[in-house]
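Architecture at a glance
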Amino acid sequence: MAEQELEKETVIDEEFLIRSLEKNEFDVFRDEYFNLHPYDRAQFYFRLEPELRVKIYEYLSPEEMGEIIENIEADDEDYEPLFAEMNAQYAADTLSNMYTDDAVDVLNELNKDQAASYLTIMDQESAEEIKNLLHYEEYTAGSIMTTEFISIPEHSTVRSAMAILRNKAPDAETIYYTFVINEDRKLVGVVSLRDLITSEEDRLIKEIMSDRVVSVSVSEDQENVARMMKDYDFLALPVVDFQQHLLGIITVDDIIDVLDEEASDDYSKLAGVSDMDSRDRTPLRAARKRLPWLIALLFLGMMTANLIGSFEDTLEQVAILAVFIPLIAGMAGNTGTQALAVAVRSIATGDINDESKTKLILREAGTGLITGTICGILVVGIVYVWYDSFFLGLLVGFSIFASLIVATLAGSLVPLIMHKFNIDPAVASGPFITTINDIISILIYFGIATTFMSYLT
């Protein structure tokens, strides 16, 4: 009941906000709108019709709009029409008032001419900071870091450090970690807000800081950065160049976005979909993303059909063999997909090294042996009872036994090999590995059947 009342109240608030926009009630709208959480403000803005969003730009300052853009959950292609609705100077000022890393994310999704125009009319200081980050390669630490952080000299006192903190805190993305630098702006330590608050004011920062600082290179892959943040439970991670100069920081909210992006990307590839988006609004867009995989799988499927056709003579003599094709192919595909999921997850979580690769392969081989043996024995008994033919049951059972072992090994080996050659292992998608295992299992099945044809006729 409480949840229903909360939902009802939210709907009424949105209707009230929309009415105040339509009636041009400036003060009423602002009073109600800024009672909402920043996330709710952003979602309300994003759901509005374009003609009402235009009024929002009249009611909110660029600084207030910047906070909204930082909190919206939009597709990459949605930013361009949103900024096209704004006056160019207003859009540039909005970007100037956003955290640098968020502004860079937005500009990367805009038309290049549109982005260049905003950078030209933006205030020079903000434009320079954004341009510096735009130079870094996408999906690296440099591309997701922010330059809004607080650093203090190692020879400062706690008193002067607190003064710096109070002065810079309003513009900093986080204040829980303060990074310590030397005269050459090299990272030498880190001090927490707790340490600053609990230390005597006359103590030197270098006396209370921790000099065992974990940092990442500006060129480090964002997946590795996310793994480090998870392993160390950091709220922020400093980014340095090859000379250990402090360039920026990566905060936990950025890492959450990275994890979500990487998980969505891997899941879409495992499903055999390129750049999957749950908000694809037209069948044409959805079809365009799915067709490349489907066409590739179509040709692989034709190979399977051609393979079955090459055993046409065997099927003509023992037609009953056709009954078990879906069973054997399906079992091989399923067990291959299971092994694939285990291997891809191990690679994604960084649990893979040379020793663990061997253990993974041996474990999957053992798993395939056990599951193949049990399933094979079950099938022998079922087919014998069903068709009163022990040899037919033995043929189908051994085919399943061999297919499950091979499919399990294929499911684990393929992503490991792809990872070895720096290819995303998620590309070895479920549909792809299933089709490959179909071909292998049918080859095993009909190869054995052809060899022992005299016992079946």
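Data block above holds the structure.
Report on the accompanying structure. Please read all numbers here as calculations on a predicted model, not as lab measurements.

Attention now moves to the sheet that holds strand 5 (residues 236-240). In a beta sheet, neighbouring strands pair by backbone hydrogen bonds and run either parallel or antiparallel. Reading across from one edge, 4-5-6 is the order of the three strands in this open sheet, with mixed pairing throughout. If you trace the sheet from one side to the other, it starts and ends with strand 4 (216-217) and strand 6 (246-251), each paired once. Sheet analysis places strand 4 next to strand 5, joined by two bridges and oriented parallel. The residue bridging Val-216 from the neighbouring strand is Val-239, located in strand 5. The strands touched by helix 15 (residues 222-232) within the sheet are strand 4, strand 5 and strand 6, with strand 5 carrying the most contacts at an inclination of about 140 degrees.

Right, let's talk about the sheet that holds strand 1 (residues 151-153) for a bit. Ordered in space as 1-2-3, the three strands form an open sheet in which the pairing is mixed. Each edge of the open sheet carries a strand with a single partner, namely strand 1 and strand 3 (187-192). Strand-to-strand twist in this sheet, taken as the mean axis angle between neighbours without regard to direction, amounts to 35 degrees. As judged from the five bridges shared by strand 2 (residues 177-181) and strand 3, these two strands associate in the antiparallel manner. Each residue of the ladder has a partner; that of Val-180, found in strand 3, is Gly-189.

Since there are 3.6 residues in each turn of an α-helix, residues three or four apart along the chain are aligned in direction. With seven of 10 residues buried, helix 8 (residues 100-109) lies mostly within the body of the structure. Three or more residues of helix 8 are buried, namely Thr-100, Asp-101, Asp-102, Ala-103, Val-104, Val-106 and Leu-107.

Per the stated rule, a full pass over the model turns up 18 aromatic pairs. Ring plane angle 50 degrees and centroid distance 5.7 Å describe the contact between Tyr-57 and Tyr-90, whose orientation is recorded as tilted. Placement of the pair is Tyr-57 in helix 4 (residues 50-59) and Tyr-90 in helix 7 (residues 88-96), with a sequence separation of 33 residues. A single burial state applies to Tyr-57 and to Tyr-90, both of which are buried. Look at Tyr-232 and Phe-234: their rings are 5.3 Å apart centre to centre, the planes differ by 10 degrees, and that puts the pair in the stacked class. An aromatic cluster is present here, built from Phe-26, Phe-29, Tyr-33, Phe-34, Phe-44 and Tyr-59 joined pairwise through their rings. The ring of Tyr-45 has Arg-53 sitting right over it, with the charged end atom 5.8 Å from the ring centre.

The rules behind each value
Residues numbered from 1 in each chain as written. Predicted model: local features only at pLDDT ≥ 70, side-chain atom pairs only at ≥ 80, totals over all residues. Heavy atoms only, no water. Pairing = 2+ DSSP bridges. Helix = DSSP H or I, 4+ residues; strand = E, 2+ residues; numbered from the N terminus. Contact = heavy atoms within 4.5 Å. Axes fitted to C-alpha atoms, helices over the stretch in contact; angles between N-to-C directions. Buried < 20%, exposed > 50% of the residue type's maximum accessible area, 1.4 Å probe, protein only. Phe/Tyr/Trp six-rings, centres within 6.5 Å; stacked < 30°, edge-to-face > 60°. Lys NZ or Arg CZ within 6 Å of the ring centre and 35° of its normal.

These results come straight from atomic positions and should not be treated as a statement about function.
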